[in-house]
Amino acid sequence: VNKDLIAAGQVAAHNAQRAANLEADYAALGGMLERRGIDIEKITALAQTFAVALPSWGVGTGGTRFARFPGKGEPRNVFEKIDDCGVIHQLTRATPTVSLHFPWDKTDDPAALREHAAAYGLGFDAVNSNTFQDQVGQEQTYKYGSLTNISAAVREQAVAHNIECIELGRALGSKALTVWVGDGANFPGQSNLRGALERYLDSMRNIYSALPDDWNVLIEHKLFEPAFYATTIADWGTSFACAQELGPKAKCLVDLGHHAPNTNIEMIVARLAQFGKLGGFHFNDSKYGDDDLDSGSINPFQLFLVFNELADAASREGAGFQTANMLDQSHNVTDPIESLMNSAVEVQRAFVQAALVDRAALKQHQEGNDVLQAAQALKHAFRTDVSAILAMARVRSGGAADPVACYRASGYRVQAAEQRPAKAGASSSGIV
Ligand code: LRH
Ligand code: MN
Ligand code: MN
């Protein structure tokens, strides 16, 4: 039995108040789906299996390079971050793991942290390394790159940090290391484009050789920022080539915000899945670049199309097809707990909507070149309001019918504000 952060009685009362309406909505949706040959109970059971990892850095208020406006009751350390993640999981039942970021979340007592998380039913997903900032007291600077740096001493320091992340992750029960580097150039001629990638591969081979047998290393690409002319790992092609070079434990991670505007991300997903290199996701939404907006807030259809490709891959490859799914967002103007709860539900919504696609009919339309009907088969699933399924799945798993309403009524943030005095200026995650 998990330790509750919000009193169980409060959640039960919240659900009881909404039970009649939820039953009615669920029955109406069930009838509609039945006419489409879909058993709502199967879909609800599937929804209950959904899980997405929380980014530890997402529970603090984010900021931009211009300013950060701290929120009330922000977590002051990794243990308090886990408390906030515990609330999100208690109410959504969709976020059973946390993705940590080192050294932001470094602890000298990983066993205590693991136990603290386990009390809330939380485990740890991929750990993230950070060689895009200099830390206080660090010997070498990453100003001109980390894993690709021209200096062997800098590269060695960056490799050692990644190996330390693996060790910390091992103690926490993680099974993957995500490597994102901001390395690149701001000016043409600043670095030899091929030489930088050769050094990257050389460094990554050292990290790869430190991976335990049952671990993956996830290569996260990003088009730009902080390198504004040429980022070393800028696109999925480079990511894929590096994963191929490194070996079977190396896979590609797709962060939805890391592409040029209008890129067909679902096609990237299909390609990586086809060649066995789709390792995982950082879910978020964006309009311009790496905006790190809440998942599903700008382009829910794109999110649905990504899950449609995942459903296709799963139908081809069976239970063996698995990806590490995480949120990666920055919450600048909302309560991070609320944003993360909503976002987990939006990703879950896309997963459920993708399960409603009539794949046999879609195939038939594709084979008959019935373009209009093929597009409609997807739209039909996407337009279905599956909110009642999501709420029922949550209630049946012990969560809240309406997580944000339940959280607001609980007064958790007010209490946190009292217990955790405001920290002005600096970001809790280090990103400003
Ligand atoms: C880089 C990134 C990467 C980092 C995180 C904080 O933009 O998406 O995943 O680890 O942001
Ligand atoms: Mn990311
Ligand atoms: Mn990013």
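Here the structure is a predicted model, which means the values were calculated and not measured.

Trainee: How would you sum up the overall build of the protein chain? Please name residues and give values.
Mentor: Helix and strand content of the protein chain: 15 helices and eleven strands. By the compact-globule yardstick of 22 Å for 432 residues, the protein chain fits well, its C-alpha radius of gyration being 22 Å. With the C-alpha coordinates aligned to their principal axes, the bounding extent of the protein chain is approximately 65 × 60 × 40 Å. Sorting the 432 residues of the protein chain into buried and exposed places 47% on the buried side.

Trainee: Can you break down the packing of helix α4 (residues 110-118) against helix α5 (residues 152-172) residue by residue, with the values?
Mentor: When two helices pack together, their arrangement is captured by the angle between the axes and the distance separating the axes. Relative orientation of the contacting elements α4 and α5 amounts to 45 degrees, with a least axis distance of 8 Å. Between α4 and α5, the angle is such that the two are oblique. In the crossing of α4 with α5, the sense of the turn from one axis to the other is right-handed. Contacts from P110, A111, L113 and R114 of α4 reach α5 at L168, A171 and L172.

Trainee: Explain the sheet that holds strand β10 (residues 278-283) to me, using residue names and the numbers behind them.
Mentor: Note: strands within a sheet are paired through backbone hydrogen bonds, in either parallel or antiparallel orientation. Overall, parallel pairing links the six strands, which are arranged β4-β5-β7-β9-β10-β11 in an open sheet. Two strands bound the open sheet, and with one partner strand each, they are β4 (127-128) and β11 (324-327). As judged from the four bridges shared by strand β9 (residues 250-255) and β10, these two strands associate in the parallel manner. Residue pairing in the sheet places D255 in a bridge with H282 of β10. Seen against the sheet, α5 touches β4 and β5 (176-179) and runs at an angle of roughly 145 degrees to β5. Contacts from helix α7 (residues 236-246) reach β7 (216-220) and β9 within the one sheet, and its direction differs from that of β9 by about 160 degrees.

Trainee: I'd like a rundown of helix α8 (residues 265-274), residues and numbers included.
Mentor: Residues of α8 that are buried: I265, E266, I268, V269 and L272. Seen from one end, α8 has its buried residues packed into an arc of 155 degrees, which puts them on one side. Buried positions along α8 lie against α7, β9, β10 and α9 (300-317). Directly after α8, the chain includes G276, whose backbone phi takes a positive value near 70 degrees.

Trainee: I'd like a rundown of the UniProt feature "domain: Xylose isomerase-like TIM barrel" (unreviewed entry) in the protein chain, residues and numbers included.
Mentor: Following the UniProt record, one finds the feature "domain: Xylose isomerase-like TIM barrel" (unreviewed entry) at residues 100-292. Annotated as 35% helix and 15% strand, the span residues 100-292 places its first and last C-alpha atoms 17 Å apart.

Trainee: Give me the sheet that holds strand β2 (residues 97-99): which residues, what numbers.
Mentor: Strands sit in the order β1-β2-β3 across an open sheet of three strands; the sheet is parallel. Since the sheet does not close on itself, it has two edges, and those belong to β1 (54-55) and β3 (123-124), each with one partner. Where β2 lies against β3, two bridges are found, and the strand directions are parallel. Pairing of V98 across the sheet is with F124, part of β3.

Trainee: For the site of ligand 1, give the residues involved together with the corresponding values.
Mentor: As a matter of local geometry, ligand 1 sits amid W57, N128, W180, E220, K222, D255, H282, D290 and D328. Within the shell around ligand 1, the residues separate by chemical class into two nonpolar, two polar and five charged.

Trainee: Pulling in residues and values, what's your account of the confidence of the model for the protein chain?
Mentor: On average, residues of the protein chain score 96 in pLDDT, and 98% of them are at 70 or above. Our summary of model confidence lists the complex with pTM equal to 0.97 and ipTM equal to 0.99.

Trainee: Give a detailed account of the environment of F224, specifying residues and quantitative values.
Mentor: Inspection of the secondary structure puts F224 in the loop between β7 and β8 (230-231). Residue class for F224 comes out partly exposed when judged on the 16 C-beta atoms lying within 10 Å of it.

Trainee: Quick rundown of the pairing of β10? Include the residues and the values.
Mentor: Counting buried positions along β10 yields six of six residues, so the element is predominantly enclosed. Assessed by its sense of winding, the connection that carries the chain from β9 through α8 to β10 is right-handed. Across four bridges, β10 lies against β11 in parallel orientation. Bridge pairing in β11 places F281 opposite N325. Crossover handedness for the path β10 to α9 to β11: right-handed.

Each value, and the rule that gives it
Residues numbered from 1 in each chain as written. Chains lettered and ligands numbered in written order. Predicted model: local features only at pLDDT ≥ 70, side-chain atom pairs only at ≥ 80, totals over all residues. Helix = DSSP H or I, 4+ residues; strand = E, 2+ residues; numbered from the N terminus. Rg over C-alpha atoms; globule rule 2.2 N^0.38 Å. Buried ≥ 20, exposed ≤ 12 C-beta atoms within 10 Å, placed from the backbone. Axes fitted to C-alpha atoms, helices over the stretch in contact; angles between N-to-C directions. Parallel < 35°, antiparallel > 145°, perpendicular 65-115°, else oblique. Left-handed = near helix turned anticlockwise from the far one by under 90°. Contact = placed C-beta atoms within 7 Å. Pairing = 2+ DSSP bridges. Arc of directions from axis to C-beta. UniProt positions renumbered as here; feature names shortened; annotations may be inferred. Near = placed C-beta within 6 Å. Nonpolar A, V, L, I, M, F, W, Y, C, P; charged D, E, K, R; others polar. pLDDT = per-residue confidence, 0-100. Right-handed = clockwise from strand over helix to strand, strands pointing away.

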